[in-house]
Amino acid sequence: MTVEGAGAAARLRRWLTAVGVTGPSMAPTLRHGDAVLVRRGGRSVRPGDVVVAVFRTRPELLVVKRAVRRQDGGWWVRGDNEFVTDDSRAYGVADVLGRVVCRYWPRPGRLPRDPL
């Protein structure tokens, strides 16, 4: 699932940023058109957190994925939709830019720590 909007990485310089998401890779947790709040800083990322990250092999691609484990100074990340493999299985280790703290549109709420 990618983050919408040109300059999305630049917008993540704020400590709390609203972003729109596209694509099916995090379904059913997040769906195309959902809007989430992303926080930089705060508590450190833990396995199971939904994060915004950039793959080292695809620095132009900003994605929303679930953090799985620390690896090679970054994170191994995966989507919740097992049928979509646009995650670390395809692109390797990612650097986390922020942690998704909640979805505010269209179904407000916190995100589960485990895939549904």
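Residues numbered from 1 in each chain as written. Predicted model: local features only at pLDDT ≥ 70, side-chain atom pairs only at ≥ 80, totals over all residues. Heavy atoms only, no water.

Novice: Looking at this structure, how should I read the packing of aromatic side chains?
Specialist: Two numbers describe a pair of aromatic rings. These are the distance of the centres and the angle of the planes. Using the criterion set out here, one finds one aromatic pair in the structure. For the ring pair F55 and Y91, a centre distance of 5.2 Å and an interplane angle of 50° mean the geometry is tilted. In this pair, F55 is assigned in strand 4 (residues 50-55) and Y91 in helix 2 (residues 88-91), connecting sequence segments 36 residues apart. Y91 sits in the partly exposed class, given a relative accessible area of 24%. (Phe/Tyr/Trp six-rings, centres within 6.5 Å; stacked < 30°, edge-to-face > 60°. Helix = DSSP H or I, 4+ residues; strand = E, 2+ residues; numbered from the N terminus. Buried < 20%, exposed > 50% of the residue type's maximum accessible area, 1.4 Å probe, protein only.)

Novice: Which parts of the structure should I look at to understand the pairing of strand 3 (residues 35-39)?
Specialist: Each regular strand displays side chains that alternate between the two surfaces of the sheet. Pairing of strand 2 (residues 16-22) with strand 3 involves five bridges; the strand directions are antiparallel. Its bridge partner being in strand 3, A18 is matched across the sheet by L37. Two strands pair when backbone bridges link them, and strand 3 and strand 7 (residues 94-105) are joined in this way by five bridges, in the antiparallel orientation. Looking at the pairing, L37 lines up with C102 of strand 7. (Pairing = 2+ DSSP bridges.)

Novice: Quick question: what am I supposed to make of unusual backbone geometry here?
Specialist: If a residue is not glycine, its phi is most likely negative; likewise, a peptide bond is most likely trans. The omega torsion across A27 and P28 is 10°, close enough to zero to call that bond cis. Summarising the element assignment, P28 is placed in the loop between strand 2 and strand 3. Looking along the chain, the bond that leaves W105 and enters P106 is cis, with omega of 0°. One can find P106 in the segment after strand 7. A positive phi angle, close to 50°, is found at D72, a residue other than glycine. Here D72 lies in the loop between strand 5 (58-71) and strand 6 (74-78).

Novice: Looking at this structure, how should I read the environment of V52?
Specialist: With respect to the secondary-structure elements, V52 resides in strand 4. Overall, the relative accessible area of 0% leaves V52 in the buried class. Through-space distance from the C-alpha of V52 to that of V96 is 6.0 Å; in sequence the pair is 44 residues apart.

Novice: Any chance you could explain the pairing of strand 6 here in plain terms?
Specialist: A large share of strand 6 lies buried, amounting to four of its five residues. Bridging between strand 5 and strand 6 involves five bridges; their strand directions are antiparallel. Across the sheet, R70 pairs through a bridge with W75, a residue of strand 6. The hairpin formed by strand 5 and strand 6 contains two residues between the paired strands, and D72 there has a positive phi angle of roughly 50°.

Novice: Explain the pattern of salt bridges to me, please; I cannot follow it from the model alone.
Specialist: Think of it this way: side chains of opposite charge can pair up when their charged atoms draw near. A complete count under the given rule lists eight salt bridges for this structure. Across the pair R103 and D34 runs a salt bridge, and its minimum N-O distance is 3.8 Å. Of this pair, R103 sits in strand 7 while D34 sits in the loop between strand 2 and strand 3, placing them 69 residues apart in sequence. Side by side, R103 and D34 carry an identical accessibility label, which is buried. The partner of D34 in a salt bridge is R107, with the nearest N and O atoms 3.1 Å apart. With D34 in the loop between strand 2 and strand 3 and R107 in the segment after strand 7, this residue pair connects regions lying 73 residues apart in the sequence. (Salt bridge = Lys/Arg side-chain N within 4 Å of Asp/Glu carboxyl O.)

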